[in-house]
Every structure is written in structure tokens, then in C-alpha cells.
Amino acid sequence: MESLQETEQSNSQEEDEIILSIRNLTIDFKVPRGLLRAVDKLNLDVYKGECLGIVGESGSGKSVLAHAILRLKDPNEIIRDGKILFEGRNVFEFSDKELREYRWKDVSIVFQGALTSLNPVLRVISHMVDTAEAHGIRDKKSVIKKATELLEMVRLDSDVVLRRYQHELSGGMKQRVVSALALLLDPKLVILDEPTSALDMLTQKFFVKILAEIKRKKNITMMFITHDIATVAEIADRVAVMYAGKVIEVGPVEEIFYNPLHPYTKALLNSIPSVVGDVSQFKPIPGIPPDPVNPPPGCRFHPRCPFATDTCSKVEPNLEKIGYKRWISCHRWREINHV
Amino acid sequence: MSEVLVETKNLVKEFKIRRRFGGGDRFIRAVDNVSITLREGENLALVGESGSGKSTLGRLTLGLLRPTSGNVFYMGKDIWKMTKEEFREFRRNAQIIHQDPYSSFNPVKTIFYSLSTPLLHHKIARNKREAYHMVADLLRRVGLEPPSDFMNRYPSRMSGGQLQRIAIARAISLRPKYIVADEAVSMLDASLRLGIIDLLLDLQKEYGLSYLFITHDLGITRYFIHKGGGKVAVMYLGSLVELGEGEEVIRNPYHPYTRILVEASPIPDPKMARSRGIPKLRSLDIPSLTNVPPGCKFSSRCPYADTICEKKVPEYRKVDDRLVACHYAEQFKTGEL
């Protein structure tokens, strides 16, 4: 079995440029019960220009990962190990000044609570101008021009919206304003952390369509983090599936949806009924998600996995490279999929 | 056909909104003239966006809110004309499962306390010892084994899925006939949702329950109705816009609003999801309840609306076995629109 590091060298013909590379990232949280392992020896690459969907259930560590990329640290958080390389530079070794420049100019984020992200006593225009100013851009006119452009791009009437306060905007509008704000400094990477969860069905659909359009037009790199695997189908180029703090399967979006190899990915896709398809094939995943304070040994999914063997309950599988931009972490993926 | 268990007739609920800076009070109509029927042992799935009034309707049928006008009948009796004793009996028979299990349990009381209190209160258990055995049976019934592991736990020490099972145990503990499941699976992880629905439907078979299943998720609605049977009702700004039997309402909607909801539902299939365009809506945002459009309420967003729709409130049309509140329901059915 090849490890991730080894295969990386042997596959240097993969031309696509890696913008963000996470290696062996391990993050613990101090909780009353002990130590909670939120992210566990996680390896992941983000390629330039792609939209990487990160899917996982609650507690799988996806938001913690997003925050770690921007080095937003919770007081109870302990980074145990690993590095995050942005264009080859380790984010954890940034000086304060480097960090200030890195945040928002290189990488920006739309938080899960985007609906409460705006300052209630500032107009939208002040958010835009202040953000630019904080990064040394004092040319107000060009900032407003840029903001106008971005607001139009997210289908908002900039003349009206720029003068509004957050309470004068609907949920869907706020979400789009926050997204425009995240794009203001032309970041190389935008992280969207559950951007659609607080929105209504129709607004959600619209927002995702707009994001897809922006991605096409501006060719920015996106990380789209969500618990809703169906939304990812619509926007992602590649999908990483997380379970118990680990990435367990990564691949191009069509591979993940039409040819999932990991038993968890398969079961997850089968557990989400939609308005199309044969409804009788949908099934719940038995068991409960692992307790992050006390995770099961071996493969974290083995207590719920129909294919688990003795090995699975003892030995942790590696994330193995099995194809073009495709990784999997399962002892038995070959047998299960008859490869 | 089985007996009618819960029925609402022209039910209206208005809430007063106080103006902050003077001016008179205003009213919003959260539920507007809704009539539904639920028979014993049957299901009704209630679908709509947030603010459509589905939770308010659910609470009205439980007697948790008093209607502004119209009636709620339980087994043929108007619940607001019941004697104290009858009302108490009704409340025992009508239970609710809330969306967020963490906020529906007392955080400083153990699971045993939360589950035994109603049993003791309604004198179903005579003493604590009897209650203990009953609670153990309930926990086993909802799949939490061994029960002794859960009895003395606090809600904060349980996962969302486990706690939702306990909420279900509490809802069935008084042997009710009617349960409102208000977004009961929305907060749970995708992998657990179907398990909870399966549990609800198993319990239905066992106890002959009737569910008012409230959700915004059409995929979940389909699964629930496919497995458990029943009707689907779609609400928009307090009004019922479409009501019909079974999955067909979702597979083949006759109301433009239902159709758009179906089109906007996420599909876990990259090719199919991408081939669908942005929902054709005249306006994206749902209008405020303080500013409901005249005529058809959906006319301000409906891509098919014309001047009739903007002026005249549509009456319910019976198309096949379905009730549809749209001037053009027949054309939607035949595919002309």
C-alpha cells in the first residue's frame, strides 16, 4: 500500500498547480470530558481553479479545518501536528504581518453564520470600504466600483444595497452581500463554510447557481464546505468526504457520485432521498456517528460498515492514491468494488 | 374508511405585530383559512418554506395556540369547546416532536426524570418503580439499548440522534393517537434521518398513530409518504396551495409553487443538478407576511402569473383527486403551462 507522500513524487506529471496543501493535520479540543480530536492526521490538496466540495456530517471536523486554514484558533484548540501549506508557505509559521496579508487577500471565508456576519450599525458600503482600508487600499472610488461590480455579479441592485443596513436585507441578500465582501480583494482561495444552510430552499438553489457562475467567470479557487452532499453535486469539481476528522475519499465529482468506492460514501449517498430516482432504494446508515472524544480504533467507520473485518477494527487505513486526483482510505475497497 | 381524527375548518391564526415607533398595531395572518382532515392511522405531510405557517398550523391542531377564527376538531369535538376533563384527555392524546431535541429537554434533569414525569402525572405509572420499568421499555422500543445506560444521563451528554429518539419515546409514552412531528429530522445528520423516519413508521404500525409530518425537505417527504402512505399538503404564506394523495404531488405537481419547490430541491446527481437552471421566479424572496400580495399570494413570484392572478384570489379547484389553489391548475396538469 502506498502512502500519500510517496505517491506524490511518483505522480509529479499531474500538472495542475496545488494552491493549498494540508499534511498530517491533527487538531484537538479541550472539552470537559477530555480531548476531542476534531481533525485527525488529515491530508488534502486543493488545486488552483477548482471548487473542492468538502462533505461531512456534524462533528466530522469540516468547519475546524476551514478555520485552521485561516489560522483562526479557538482558545481550547490545540494544534497537535501537521502543516498547512499555502502556495508552499506554512501558514503556521506566518508572522503577524504575513498573517494579516494572507487573510482576506490570499484566502477569504464566508462563515456559517453569514446572516449575522455583518455589523448592524454599518451600511453595506462601509463594510466594503473598511475591509479594503484594513488592507491598505485607500482609493475609495475604486473600492466602490469594485463592490458595485461584485454586487451586480451576485444579482443585487448595488445602488440600493450599498446604502442599506443588514436589517434591511433578507437572508438571501445578506448571504450574497457577505459573499461579495469575501471576493472584494480578489482572493486566491475562498472558503465557504455551510453557506446555504441558513437559507430557504429556493434561495439556496439560486445562491448555488450564482456561485457556480462566479467561479466560471473569475476562475477562483473555492472550498465549499457542507453537510448537504446534494448541494455539492451542483457546484464542486472535486469532492472530499470527511468522517470522524479524516478525509476518507476524494475524487472528481462524477466519480464520487456515480462510482463511490468507500462504504461510507456509498451509504451516505443512499441515505439522502431526493425528488428524483427510485425512493425505495434509500436506506439509513445503521449505528451512530463516532464519539470524537472516544473514537473507535482502526477504521473509524468500522462499527457501522457492513464490510468490516477484524483488520478494520484494529488497523487504521491510510489515505491511498488510486487514480487521477483520487484517494481512498479503506482496507477493502478493492474487494468491495471488485477491482 | 377509518374515523376522522383531527380536522380543521377554515382555520385562521393572526398574530399582532407591535409597531415600534407609534402607529396602530398590525396583524399578520400566519394561517389563512386552512381546512385539513387527518384520519385515524393515516399521515399528512405538510410542506413549505420557512414562514409558510406550517408550524403554526401544527400547534393549532394541538391546542397549543388558540385560533383567531375557525375550528379544530378532535374526534368530532371542537377542542376549544371541550370540558376541562375532555381537553386534558385530548392533550394526552395529541403529542409533538420538536425540531431541536436539545432545546426540548430540561438540561438539568436526567432522561429518566424527563420520561417518567408525564407517566406519573397522568397516573399511567403508579410509582417510581413502575415508571422505571415503563421508561426502560420505551427506551428499548426506540432502539436505545441497554436502557440503563441512558436513564441517568443528561441531554447534553447525548448525540442529536439519540436525543431525538428519546423525544420520540416521550411523545409515545402516553399512548397518544396523534403526533405532530415538526421538522423532527431536519436537525439530524443525513445518515440518521431515515432511521428516525423508519422508527416513526414502525411505531405507527404498532400503535395506530396518525402523524402530521412537517418538513421543508421534499426528498424526506417523498421517503416518508412512500413508506408510510398518506397525503401531502403544500403551504405558502399561510394558505394551503395544493393537497393530494401520496408521492404523486411531488412527482407531478399541479400548482406552480409546488412545481418550483420540486425544481429547486437539491439532487445528488452532478449531471442532472447542473442541467437545471435557476428557478424561474419573478422575485426570489418570499414576501413578508405584513405585505402579502393581493389576489393569488404567489402571484408576486409566480413565473406564470397574469393580471387575473394579481387581482383574484384563486378558489380551490378539484383536479383529479387533488385540491389546487391556482387559476390555471388544469393547464398545469395537462402540461400546457
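Everything quoted here is computed from the prediction, not taken from an experiment.

Quick notes on the rules
- Residues numbered from 1 in each chain as written.
- Chains lettered and ligands numbered in written order.
- Predicted model: local features only at pLDDT ≥ 70, side-chain atom pairs only at ≥ 80, totals over all residues.
- Helix = DSSP H or I, 4+ residues; strand = E, 2+ residues; numbered from the N terminus.
- Rg over C-alpha atoms; globule rule 2.2 N^0.38 Å.
- Buried ≥ 20, exposed ≤ 12 C-beta atoms within 10 Å, placed from the backbone.
- Contact = placed C-beta atoms within 7 Å.
- Axes fitted to C-alpha atoms, helices over the stretch in contact; angles between N-to-C directions.
- Parallel < 35°, antiparallel > 145°, perpendicular 65-115°, else oblique.
- Left-handed = near helix turned anticlockwise from the far one by under 90°.
- Nonpolar A, V, L, I, M, F, W, Y, C, P; charged D, E, K, R; others polar.
- Core = buried A, V, L, I, M, F, W, Y, C linked by C-beta atoms within 7 Å.
- Pairing = 2+ DSSP bridges.

1. Some words on the overall build of chain A
No. 1: Summing up its helical and strand segments, chain A has 13 helices and 12 strands in all.
No. 2: On C-alpha atoms alone, chain A measures out to a radius of gyration of 21 Å, which is about the 20 Å that the 2.2 N^0.38 rule sets for 339 residues.
No. 3: In terms of principal-axis extent, the alpha carbons of chain A reach across some 65 × 50 × 50 Å.
No. 4: Sorting the 339 residues of chain A into buried and exposed places 47% on the buried side.

2. Focus on the overall build of chain B
No. 1: Secondary structure summary: chain B contains 13 helices and 13 strands in total.
No. 2: In terms of overall dimensions, chain B is globule-like: its C-alpha atoms have a radius of gyration of 21 Å, near the 20 Å expected for 337 residues.
No. 3: Taking the principal axes of its C-alpha atoms as reference, chain B extends roughly 70 × 50 × 50 Å.
No. 4: Burial status across chain B gives 47% buried among its 337 residues.
No. 5: Here the analysis covers contacts within chain B between residues at least 6 apart in sequence; of these, 63% occur between residues at least 24 apart.

3. Quick notes on the packing of helix α3 (residues 111–121) of chain B against helix α6 (residues 160–172) of chain B
Residue and element names in this part refer to chain B.
No. 1: Where α3 meets α6, the closest approach of the two axes is 9 Å, and the angle between their N-to-C directions is 20°. With respect to α6, the axis of α3 lies roughly parallel. In the packing of α3 onto α6, the handedness of the crossing is right-handed. Judged by residue contacts, Ile111, Ser114, Leu115 and Pro118 of α3 engage Ile166, Ala169 and Arg170 from α6.
No. 2: Looking at the contact of α3 with α6, its residues break down into five nonpolar, one polar and one charged.

4. Things to note about the nonpolar core
No. 1: Counting residues in hydrophobic clusters, the biggest one holds 196 residues, and the most contacted among them are Ile69(A), Val177(A), Ile191(A), Met223(A), Phe224(A) and Leu46(B).
No. 2: When sequence neighbours within four positions are dropped, the list of residues in contact with Met223(A) reads Val46(A), Leu52(A), Ile54(A), Ala66(A), Leu189(A), Ile191(A) and Leu192(A).

5. Looking at unusual backbone geometry
No. 1: Cis peptide bonds are those with omega within 30 degrees of zero, and the linkage from Glu145(B) to Pro146(B) qualifies with -10°.
No. 2: Counting through the fold element by element, Pro146(B) comes out in the loop between α4 (128–141) and α5 (148–151).
No. 3: Although it is not a glycine, Trp104(A) adopts a positive phi angle of roughly 75°.
No. 4: Counting through the fold element by element, Trp104(A) comes out in helix α3 (residues 96–106).
No. 5: Here the phi dihedral of Lys123(B) falls at roughly 60°; this positive angle occurs in a residue that is not glycine.

6. Observations concerning the interface of chain B and chain A
No. 1: Listed per partner, the contact involves 39 residues of chain B and 38 residues of chain A.
No. 2: Going through the elements one at a time, α6, α7 (190–207), α8 (218–228), α10 (256–264) and α11 (270–275) of chain B are the ones with two or more residues in the side of chain B that touches chain A.

7. Some details on the sheet that holds strand β9 (residues 238–243) of chain A
Residues and elements named next belong to chain A.
No. 1: With respect to topology, eight strands assemble into an open sheet ordered β6-β7-β8-β3-β9-β10-β12-β11, the strand pairing being mixed. Looking at the sheet topology across the chains shown, the edges are occupied by β6 (107–110) and β11 (320–323). Between one strand axis and the next, the sheet turns through 25° on average, direction left out of account.
No. 2: Bridging between β11 and strand β12 (residues 326–328) involves three bridges; their strand directions are antiparallel.

8. Regarding the packing of α7(B) against α8(B)
The description of two packed helices rests on the angle between their axes and on the distance between the axes.
All names here are of chain B.
No. 1: Where α7 contacts α8, the two axes come as close as 10 Å, and the packing angle between them is 30°. Accordingly, the angle class assigned to the pair α7 and α8 is roughly parallel. When the axes of α7 and α8 are compared, the crossing they make is right-handed. Two secondary-structure elements touch here, α7 through Arg193, Leu194, Ile197, Leu201 and Gln204 and α8 through Ile220, Tyr223, Phe224, Lys227 and Gly228.
No. 2: Considering only residue class, the contact of α7 with α8 consists of six nonpolar, two polar and two charged.

9. Side note on the pairing of strand β1 (residues 18–31) of chain A
All names here are of chain A.
No. 1: Sheet topology note: the β1/strand β2 (residues 34–47) ladder contains 10 bridges and is antiparallel. Opposite Leu20, over in β2, you have Val46 as the bridge partner.
No. 2: Once β1 ends, the chain turns through two residues before running back antiparallel as β2.
No. 3: With eight bridges connecting them, β1 and strand β4 (residues 77–86) associate as antiparallel partners.

10. What about the sheet that holds strand β10 (residues 231–236) of chain B?
Residues and elements named next belong to chain B.
No. 1: Strand order in the open sheet formed by eight strands is β7-β8-β9-β4-β10-β11-β13-β12, and the pairing between neighbours is mixed. Edge strands, defined here as strands with exactly one partner in the open sheet, are β7 (94–97) and β12 (317–319). Put simply, the sheet's adjacent strands are angled 20° from each other on average, direction ignored.
No. 2: Together, β7 and β8 (178–182) form the strand contacts of α6, whose direction differs from that of β7 by roughly 175°.

11. A short note on α8(B)
Residue and element names in this part refer to chain B.
No. 1: The element α8 is extensively covered by neighbouring structure, given that eight of its 11 residues are classed as buried.
No. 2: Within the span of α8, buried status applies to Leu218, Gly219, Ile220, Thr221, Arg222, Tyr223, Phe224 and Ile225.
No. 3: Positive phi appears at Gly229, one or two residues downstream of α8, with a value of about 70°.

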